[in-house]
Amino acid sequence: RFVGSALENAGNTVAHAAEGKVDLAQFDLILLDDVLEAADSTAILERLAEAKMAGKTLVVASGLRVEQTMSMLQLGAKDVVLKPYTIGGLADILG
């Protein structure tokens, strides 16, 4: 939620899709945490790839192995950012 607030303060529109009930097609970027309580981030990324939306997905990860990172990139993720990260570093990646 901290990242969402920082992105909103920078002038972006942010929606929290914890329940998966947001039309993601309307957004330019999707931030996907690799650790989710009620879902599998790889399965979500696979569904996004099927919907041709993986390319606008930035995965935020906490200690992925190289194989997991490569798998997410092969599924089409825009990039994988390791935690901890700074808002400035995230802004640099977002361009």
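Refer to the structure printed above.
Please read all numbers here as calculations on a predicted model, not as lab measurements. (Residues numbered from 1 in each chain as written. Predicted model: local features only at pLDDT ≥ 70, side-chain atom pairs only at ≥ 80, totals over all residues. Heavy atoms only, no water.)

(A) Inspection of the overall build of the protein at higher detail. Regarding its fold elements, the protein presents four helices and three strands. Listed N to C, the secondary structure of the protein is α-β-α-β-α-β-α in terms of helices and strands. Computed over C-alpha atoms, the radius of gyration of the protein comes to 13 Å, within 12% of the 12 Å expected from 2.2 N^0.38 for 95 residues, which places it in the range of a compact globule. Projected onto its principal axes, the C-alpha coordinates of the protein cover approximately 35 × 30 × 25 Å. Counting every position in the protein, which comprises 95 residues, the buried fraction comes to 28%. Counting only contacts in the protein whose residues sit at least 6 apart along the sequence, the fraction spanning at least 24 positions is 47%. In the form shown here, the protein has an accessible surface area of approximately 6,300 Å², with 51% of it arising from carbon and sulfur atoms. Between the averaged position of the 8 positive side-chain charges in the protein and that of its 13 negative side-chain charges there is a distance of 3 Å. (Helix = DSSP H or I, 4+ residues; strand = E, 2+ residues; numbered from the N terminus. Rg over C-alpha atoms; globule rule 2.2 N^0.38 Å. Buried < 20%, exposed > 50% of the residue type's maximum accessible area, 1.4 Å probe, protein only. Contact = heavy atoms within 4.5 Å. Areas by Shrake-Rupley, 256 points an atom, 1.4 Å probe, with all protein chains shown as cover. Lys, Arg positive; Asp, Glu negative; His and termini not counted. Charge placed at Lys NZ, Arg CZ, Asp CG, Glu CD.)

(B) Local environment of the side chain of Asp-34. By secondary structure assignment, the location of Asp-34 is in the loop between β1 (30-33) and α2 (41-50). Here Asp-34 is buried and forms no salt bridge, its nearest opposite-charge partner Lys-83 lying at an N-O distance of 4.5 Å. A polar contact of 3.2 Å, which involves the side chain of Asp-34, links it to the backbone nitrogen of Ser-62. Residues within four places of Asp-34 in sequence aside, it is in contact with Ser-41, Val-59, Val-60, Ala-61, Ser-62, Leu-64 and Met-72. (Salt bridge = Lys/Arg side-chain N within 4 Å of Asp/Glu carboxyl O. Polar contact = N/O pair within 3.5 Å; in protein donor to acceptor, adjacent residues only side chain to side chain.)

(C) Examining the packing of helix α1 (residues 2-9) against helix α4 (residues 87-94) more closely. It is at 11 Å that the axes of α1 and α4 come closest, and there the two elements cross at 60°. Classed by the angle they form, the pair α1 and α4 counts as oblique. The chirality of how α1 crosses α4 is right-handed. Residues Phe-2, Val-3, Ala-6 and Leu-7 of α1 touch α4, and the partners they reach there are Ile-87, Leu-90 and Leu-94. Tallied by class, residues from the contact of α1 with α4 come to seven nonpolar, no polar and no charged. (Axes fitted to C-alpha atoms, helices over the stretch in contact; angles between N-to-C directions. Parallel < 35°, antiparallel > 145°, perpendicular 65-115°, else oblique. Left-handed = near helix turned anticlockwise from the far one by under 90°. Nonpolar A, V, L, I, M, F, W, Y, C, P; charged D, E, K, R; others polar.)

(D) Examining the pairing of strand β3 (residues 79-82) more closely. Across four bridges, strand β2 (residues 57-61) lies against β3 in parallel orientation. Within β3, the position partnered with Ala-61 by the bridge is Leu-82. (Pairing = 2+ DSSP bridges.)

Interpretation in functional terms is not warranted from these geometric data alone.
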